[in-house]
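# Topology and contacts: notes
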Amino acid sequence: MWIPTEHEKYGVVLASFRGTVQHGLPLEIGDTVQILEKCEGWYRGFILKNPNFKGIFPSSYIHLKNAHVKNKGQFETVIPVEDSVITEMTSTLRDWGAMWKQLYVKNEGDLFHRLWHVMNEILDLRRQVLVGHLTHDRMRDVKQHITARLDWGNEQLGLDLVPRREFSMVDPDEISVTELYRLMEHRHRKKETPAAASTHHLFVHVKSLMSANLGEELEVFFHIYDGRENRPLSERFFVKLNKSGLPKSPEKTERQCTLFVDLGSSDLRKDVYIVVHIVRIGRMGAGEKKNLCSVQYRRPFGCAVVSIADLLTADSKDDHLLKVYACNTESEWHQIHENIIKKANSRYNLSGSNTGLAVALQLLHGDIEQLRREYMVLFTRGVSITRKLGFSDVIMPGEMRNDLYITLEKGEFEKGGKSVARNVEITVYVLDIDGQILKTHVAAGSGEPGGDEYHSLVLYHNNSPRWAEQIKLPIPVDMFRGSHVRFEFRHCSTKDKGEKKLFGYSFVPLMQEDGRTLPDGTHELVIHKCEENTSLADCPRYLKLPFSKANLPSNNQTLKGPKESFWITSFLCSTKLTQNGDMLDLLKWRAHPERINDSLSKLKEIDGSEIVKFLQDTLDTLFGILDESSQRYGLKVFDSLVHIINLLQDSKFQHFKPVMDTYIESHFAGALSYRDLIKVLKWYVDRIVDAEHQDHIQQVLKASEYIFKYIIQSRRLFSLATGGQNEEEFRVCIHELFMSIRFFLSQENKSTSPVAQTQAVFLRTFPAVYGELLKIFTVREVAGFVRETLGSLPTAVHADCLEAVKLQCIAKTVESQLYTNPESRCILLPVVLRVLQAHMQEQRDLVICARILTSMLSLIKKEENGTAVSISEEPVVSEEVELIVESLLGVLLRTILEISNRPQPAGPAMRLQFQDVTGEFVACLLALLRQMSDGHYQQLLQAFSSKDNLRDFLLQIFTVFRILIRPEMFSKDWTVMRLVTNNVIITTVLYLSDALRKNFLNDKFDYKVWDSYFYLSVIFINQPCLQLESFSPSKRKRILEKYGDMRVMMGCEIFSMWQNLGEHKLNFIPAMIGPFLEVTLVPQPDLRNVMIPIFHDMMDWEQRRSGNFKQVEAKLIDKLDSLMSEGKGDETYRELFNSIIPLFGPYPSLLKKIERETWRESGISLIATVTRLMERLLDYRDCMKLGEVDGKKIGCTVSLLNFYKTELNKEEMYIRYIHKLYDLHFKAQNYTEASYTLLLYDELLEWSERPLREFLNYPMQSEWQRKEYLHLTIVQNFDRGKCWENGIILCRELADQYESYYDYRNLSKMRMMEASLYDKIMDQQRLEPEFFRVGFYGKKFPFFLRNKEFVCRGHDYERLEAFQQRMLNEFPHAIAMQHVNQPDQTIYQADAQYLQIYAVTPIPESQDVLQRDGVPDNIKSFYKFNHIWRFRYDRPFHKGTKDKENEFKSLWVERTTLTLVQSLPGISRWFEVDKRELVEVSPLENAIEVIENKNLQLRTLITQCQSRQMQNINPLTMCLNGVIDAAVNGGLARYQEAFFVKDYIMNHPEDGEKIGRLRELMFEQAHILEYGLAVHEKFVPQDMRPLHKKLVDQFHLMKSSLGIQEFPAYVRASPVHFTNGSPRTCRNSVPNIISPDGGRGVARRSLPSYPAVNRYSSSSLSSQASNEVSNITGQSESSDEVFNMQPSPSTSSLSSNHSASPNVTSSAPSSARGSPQMAEKHKHSRENACLSPRDRPVSAIFPNPMDPAQRAAPHQIGDATLPRSDPNLSAPDKVRPTPSSWSLDSVKEGAPSFSDSFGKMLCPPVPPRPPYSGSSAKNMRSQSPVSASRSPQKTTVPPFTPSPTECQSTSLVSNSPVLSGSYSSGISSLSRCSVSEASGTELPAGDHPAHPLPPSGTLPNSVSSSSDEPIRRENKTPPPYSVYERNNPRRPVPLPHSLSIPPQADPPALPPKPHQLRTGSMKLDGTSDPRVPRPRPLPRKVSQL
């Protein structure tokens, strides 16, 4: 039986449990579980990280831990009873664990590794804490370390800041809000700005000396040197190096490492240096030979200097290599470092080019104790301490130091009878009072232990040596008296013996007879003659002699000559000894009582450091004097005491205050002193008002704290001694003293007067007295003193400074021990509140006000929560809250409003201070509101005298709450503070909403208050810190346990308040729709449930009021748009809106309610609209996320833009999205699309002077100006996108405007711009894009793509593979379909993404331009690829049984034509397919197309060869070889077998004409080949002659195989003619064939793509010739790859390979250049094989079947409306027009005859081609003879010869040839280039239009308007843009005037010249009046955008 557990509540899993039993709960090792029930060895409970899943588990798997249970019962929570730091560590590490893995996923390697190390470190520390073996101090350090690491990790991961006290997390409910704020602020500050350290230390580690010429031991001395004052700042650090230059004692690190301690911040400047002196120990001369002399001398070696400032910038870890310099003369040795610093180069030089001292130098900051903790290794390993000379900036009590520093400065010596100067060495000894040498008390510096003696340097032959060597004598204090220092002088001989001969000595005693030590400074010592060591043994004898020149008697024989002297400098640094005689006189006052007065007077002149050394002795002396003769010396002792007390205020000595406190508590014994002290203090206070000079009195008042301490302690001592005698007398004295103080405080003075300043001084020190008074007086008495004293200040104070001081005094009072007592608070609170209120109302001294208020409120909270509060004190707390609310709540609200609305000050420091004040006040307000109970709120609301006051208060508090909710109110990571804030806000709002209902409803309704209330509620719910869904589960759980979901509470409150409004609801419609909608977007089901009915209510009330809810709808849509773009809403929205159920959640409430209403239809329609909008907006939001590809963003924006235009008709939104789309295009460098997009806005504007408001980035301007700006921007973008033709039209329109305003300056510029665009068309290259059809199938695609097909314009150079890859990258989850068939319903409905991609061929509309003769390709290229509505895709297949011998008999082509909703290019790179049409092309028609295309290709290559456009003749060679070889091997013969046999002719009588046409084409091909061979012979290089001969032979074979012996007479008679006529008549005399955008342009389109499954190889047709060519040109054998020939089926003899390619789109057409089936090497060689002189790609040479240029007229073969300006080749099919090209066909009418020179070179002429018409698939129209015309209009054209076999030119033109699948195949079974307009929709033969001329509105780029047009272009909803649309039944929307080309009777194909079309450019509808205004393409809206 399961029973609830009592004690077993919490445990940790010891081993993993799989949970395989019924109801088992799987457990992982380390999980924490909460146990609910137990039963026979089993527990039931849940894992704390997933409390929703409960189950059972074995009790043996659980280690139980003690826990504290809250809320026992169903919702109990368990808190483990363990160290809070452990608990926090555990939960934090769990949170980090998940995030740490995410860092790896996000590839943030650096943070990943750092966090890993920190987590391991924390786990390690956690173990140490859990074991519990740490000492108290170590535990504290470990916890501090842990919390520092936790805070670091939280900060790095963006988690919350944790408020802590003493390393433990703080429960916000347990402390006051003000205190919580203070903790947060403290931690935040700590994190932000570490306090700058005031003390610094230099770490030095000597590594080695590198030098070539060592061999002697060295001594290295470091010290810090002040270059400004030329003196050392520190003692020396001394390191001994061995002969190799390495430290002598490597194992003793303290001998190589030191810390120069206690450097002040002022020492870290550029002119403070580290100076290194190096001394060698060895022979006198460095280069001397080794002799027997073993005596060694200390000799100068070198010096190095480095500035401390360099260490601040250098990397601290780097080792420094210091250059070592030697001085040129030894006499300069003492100042070598100064010379180096001054850069006096002449006095020193480098001691060796490679000599350097390697040292590690590092500056450390902070006090020494902190460094001991941080750099523990450093101190444990050993480091010597090198001190400053003198005390540090701050002297610490208890610091023991007794160091005497002596510097051996210089000497003056006589020669002593020698011819050369001496080599003098000094030996230094310290001797005690008995004349014994003190051992180890002579130190050369820190680092090495002290010795018994010290030997100076020896300077060679120098009688005036200057050593400047500093030594340290650490002599104990007790040995100072009687000790002396002796200096012995010896001459060091350089002779063989090398003896050191004594010649004199000096000495100096360390202490004078009166107890003073040797004074600091330089001393000139007497040198006494002495040549025997024995005479030095008698110390007492020589000590009687004079030691210094200063105290010499008149004559003395023992002196060496009076010229000889020795100078030393001494400096004492001692905490026990003094050199000051006045100090000694004072301390020995009893010995000389007559000097007391004098000594007391001189005390003020004594240095402070001397006084603090003897602080206790001095104080004892003073109180001793006071006790003995208070009458006589009372005042002077008092003044001295004041001087000492104020001395301790100095920052240098402030640490001695505790010393004085200890003295007062433990050592002070002046039991009678209090009387004298009170008396003198009162005497001073009484004199304040009258005294002229207040300085001394102010000094006295500054010291009042300690004076009171002495008074109180003295009184307590007296009471103890006497049993409390004279108590009353003492009280009276104190009362009188306070009366005097009150009197002087009550004086009114100007702020500048001395008395006012004295008042300020007193107020600053007064609070410090309270604690002392409390030792004797009761709390109430002291509070009374304070109240009366503060109350005595004048009320009308003029002195601002005094007001500030008074406030500071109040602040200290509130923070004092006195105020913590509730008794005293009752007395002091009114005074405090009065002052506070006055200051806050005037907005003065807000920082201090905030501080006071914070302290007051912290105390209340403490009292309330502490155990100290008894029942009797509760009313006291309540009373205080009441008082504070009454006095300060209103002022506090006003203050917060005021400072929040103030402009932020400029300086960062000021801004910080401002922010602090706001935060402090906010915390105070929250604390106060949290303290308020029901009663307080009732009192507050009843206290308002009128409704207006209450209204103002409510508005004020709601506004303040809105400010508190602002994100910038608290730092980002202050979630704890935000939650507390929200908790207080919601509690307060619940109280205030009652007041709102009672006072502001019905007739007293006040819109402003209610609006403020709702607005607050909405932003409350929407604030980020309450969006629990975004938090980790553990954080969410903690918040829910503590506060619940505050959003739901507030939502319920909104609903309840809304219900109360009644008819006043109308005031909030539509204003509150947006805010409430925002609330429903919060993904909280309960909240949505509560809010939904409000929408129904709004719709209902609006319906009642105005009969519809248009307002609701408009507002809803606007708000939805703005909210979605902010990223609101979630996935449930998407699902909800897909099925048009209710508006906002899985609650049918709204729709059901609507269905019951009378207005149900409009309601449901609204929901449907909003649903559709929502889908698009959600897509838009998802696409706009960071990292999404531009293509998706653009497609999505287009979808949304269309929706706003067509469905919602919201013009402003429409324009906003136009600009968003423009920005996307611009960023993606889609300049053409960007232009088209901006045109949409341009079309909405007119050329009027109507003023427009400021909108988006447009300034306020007239409509004309904005349209002008847009025009210029669009032209600029068209220019960038190389769409110059469109730019020209806009230039003309602008030019007309300028001309109409006579603005000739701008007109001129515009004409120049127009001219530059024409130039660019002719001179610049344009790349021709590929087009791809993409199908998006499956439900997983965004709404705007789902189950739709699009045609996309590829990027420059983008081929099919690249496009496929790009699409798969954009949709990484998509599956590429492997076929081109239309998918079935299962794919449409699949829960996946399927992509179907293949290349398509554009069908150009502007046939008239393309068919024109002499129009350069640069111009035609624009019309081939722009304004394309229709695209084509061919798929070959076999119908019926396939003839294995000849596959061409059954090879049909399925031709799919796709029509788009919008022409490309447009506002997007892709548009949706509007309609699909399928037709089938018969095998015969296919054969005709293939041969036509091959013929055209041959013509083109021959033309290029003739016009010298080819540097390399190989392409022509290959093509000729391919055709001839294939024909010989049976290529054309296959067609003869298939279509010329009787069976076929009998079975297909209707194909007679076509068969004739095929025969003519074959003959024509033979003629072209013959002509081509003639041209080839002329240009063929010598090494290819054999191949040429072979080709000629094979050609004759081919002719015979075709049965051609001789060409017919008419063929021979007709001259050969090429595209552009003779060189003389050519329109373009410049060879522009390979213009920059000529060659490259066509190159874009080489091979058409075919299904790989239908690709065949052609081995049987290959011949030896093909291999020869291949070898010659160095290409691969598959020359279709070399020459971009079309991979298509060849003759049946080729058809052996039917295997499908493994590529993604194996069955889709593959793009020519990127065909997946080609080997890589071929792809590459194909790209680069045959570049023309300008590196044009090969397809510039071979026309491309996918090229619209080669697809000219849509199969209007035989159509009477076709132009017949060129009987052979129409413009689109001339791959490159050439100035001197010749035609293979009959000459144009009127063309001049050939030039003689060219005529001689021509081959036999080619016969004209017979006409042919009619087919089942292509119904040709009959032809009527009309005179030839150059007009692009569809006029009738006559045949050129009456011969029945004449060839129809357009049949060749329209079916552009392409090379076959293999170059050896002369015939290609399939052409994908024929563009059949008649595909499936052509009229039957003979049924032609009645009007050959189109109506006047037709554009030049429209196609013939045959009767199929209306059928095919039925009812389309026009898209919201109409750039370049054709004016025909397809698009009823009129053309935008901005881009329209005005029609004329005979309009040209290109934009007409300006003089022809000045007025015409503005025309519409073909009207003759040039000034008729054009109709608007879009209806205008009221908005003036």
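Bear in mind that the values here come from a model prediction, so they are computed numbers and not experimental data.

## Description of the overall build of the chain
Across its full length, the chain holds 63 helices and 40 strands. A burial count over the chain gives 58% of its 1985 residues as buried. For the chain, the proportion of contacts with a sequence separation of at least 24, taken over those separated by at least 6, is 76%. Element-wise, carbon and sulfur atoms account for 52% of the exposed surface of the chain, whose accessible area totals about 81300 Å².

## Details of the packing of helix α42 (residues 1231-1244) against helix α43 (residues 1263-1280)
Helix packing for two helices is described by the angle between their axes and how far apart those axes are. Two elements in contact, α42 and α43, have axes separated by 8 Å at closest approach and are oriented at 165°. Taken together, α42 and α43 sit at an angle that is classed as roughly antiparallel. The chirality of how α42 crosses α43 is left-handed. On α43, the residues touching Y1231, T1232, S1235, Y1236, L1238, L1239, Y1241, D1242 and L1244 of α42 are E1263, R1266, K1267, L1270, H1271, T1273, I1274, N1277, F1278 and R1280. For the contact of α42 with α43, a count of residues per class yields nine nonpolar, five polar and five charged.

## Details of the pattern of salt bridges
Inspection of every chain in the model, using the stated rule, returns 83 salt bridges. The partner of E1485 in a salt bridge is K1554, and the shortest N-O contact between them spans 3.1 Å. Of this pair, E1485 sits in helix α50 (residues 1483-1506) while K1554 sits in helix α54 (residues 1552-1579), and the two are 69 residues apart along the sequence. Here the two residues E1485 and K1554 agree in accessibility, since each one is buried. Taken together, the shared-partner salt bridges in this structure form one network comprising D171, D173, R930 and K1042.

## Brief notes about the side chain of H1576
Mapped onto the fold, H1576 is located in helix α54. Its relative accessible area of 0% is what places H1576 among the buried residues. In contact with H1576, other than residues within four places in its own chain, are I1513, L1516, T1517, L1520 and H1588.

## Some details on the nonpolar core
Core analysis: the biggest nonpolar cluster contains 296 residues, and Y710, M856, F921, F1014 and F1076 have the highest contact counts within it. Core analysis: the next-biggest nonpolar cluster, separate from the first, contains 56 residues, F221, V428, Y505 and V508 among them.

## Some points on the sheet that holds strand β30 (residues 528-529)
Reading across the sheet, the five strands line up as β25-β24-β27-β28-β30 and stay open at both edges, with antiparallel pairing between neighbours. Every other strand in the sheet has two partners, leaving β25 (453-455) and β30 as the edge strands with one partner each. Where strand β28 (residues 500-509) lies against β30, two bridges are found, and the strand directions are antiparallel. If you follow G504 over to β30, its bridge partner there is K529.

## Quick look at the packing of aromatic side chains
Scanning the model with the defined rule gives 72 aromatic pairs in all. Between the aromatic rings of F1336 and F1350, the centroid separation amounts to 5.6 Å while the plane-to-plane angle is 75°, which identifies the pairing as edge-to-face. Here F1336 is found in strand β34 (residues 1331-1337), whereas its partner F1350 is found in strand β35 (residues 1348-1353), with 14 residues between them in sequence. For F1336, a relative accessible area of 0% translates into the label buried.

## Looking at the sheet that holds strand β26 (residues 466-473)
Strand order in the open sheet made by the four strands is β26-β23-β31-β29, with antiparallel pairing throughout. Pairing within the sheet leaves two strands with one partner each, and these edge strands are β26 and β29 (521-526). Taking each pair of neighbouring strands and ignoring which way they run, the sheet shows an average axis angle of 25°.

## Some points on the environment of T1459
Within the element layout of this structure, T1459 appears in strand β39 (residues 1451-1464). The class for T1459 is buried, based on a relative accessible area of 1%. With 15 residues separating them along the chain, T1459 and D1474 place their C-alpha atoms 5.5 Å apart.

## Quick word on the side chain of K1554
What makes K1554 buried here is its relative accessible area of 1%. Looking at K1554, its side chain comes within polar contact range of the side chain of E1485, at 3.1 Å.

## Some words on the packing of helix α20 (residues 754-765) against helix α21 (residues 767-774)
Contact geometry of α20 with α21 gives a least axis separation of 4 Å together with a crossing angle of 50°. If you check the angle between α20 and α21, you find them oblique. Where α20 abuts α21, its residues L763, R764 and T765 lie against P767, A768 and V769. Looking at the contact of α20 with α21, its residues break down into four nonpolar, one polar and one charged.

## A closer look at the environment of H1271
Here H1271 lies in helix α43. A relative accessible area of 0% means that H1271 is categorised as buried. Placed 22 residues apart in sequence, H1271 and E1293 show a C-alpha to C-alpha distance of 8.9 Å. At 3.2 Å, the side chain of H1271 and the side chain of E1293 are in polar contact.

## Topic: the pairing of strand β37 (residues 1394-1403)
Within β37, ten of the ten residues are buried, leaving the element largely enclosed by the surrounding structure. Summarising the sheet, β34 and β37 pair through seven bridges and their orientation is antiparallel. What sits directly across from F1336, in β37, is L1395. Examined bridge by bridge, strand β36 (residues 1375-1376) and β37 share two bridges and lie parallel to one another. From the neighbouring strand, I1375 faces β37, where its bridge partner is Y1394. Relative to strand β38 (residues 1428-1438), β37 runs antiparallel, the two being bridged by three bridges. What sits directly across from I1403, in β38, is R1430.

Definitions and limits used
- Residues numbered from 1 in each chain as written.
- Predicted model: local features only at pLDDT ≥ 70, side-chain atom pairs only at ≥ 80, totals over all residues.
- Heavy atoms only, no water.
- Helix = DSSP H or I, 4+ residues; strand = E, 2+ residues; numbered from the N terminus.
- Buried < 20%, exposed > 50% of the residue type's maximum accessible area, 1.4 Å probe, protein only.
- Contact = heavy atoms within 4.5 Å.
- Areas by Shrake-Rupley, 256 points an atom, 1.4 Å probe, with all protein chains shown as cover.
- Axes fitted to C-alpha atoms, helices over the stretch in contact; angles between N-to-C directions.
- Parallel < 35°, antiparallel > 145°, perpendicular 65-115°, else oblique.
- Left-handed = near helix turned anticlockwise from the far one by under 90°.
- Nonpolar A, V, L, I, M, F, W, Y, C, P; charged D, E, K, R; others polar.
- Salt bridge = Lys/Arg side-chain N within 4 Å of Asp/Glu carboxyl O.
- Core = buried A, V, L, I, M, F, W, Y, C linked by side-chain atoms within 4.5 Å.
- Pairing = 2+ DSSP bridges.
- Phe/Tyr/Trp six-rings, centres within 6.5 Å; stacked < 30°, edge-to-face > 60°.
- Polar contact = N/O pair within 3.5 Å; in protein donor to acceptor, adjacent residues only side chain to side chain.

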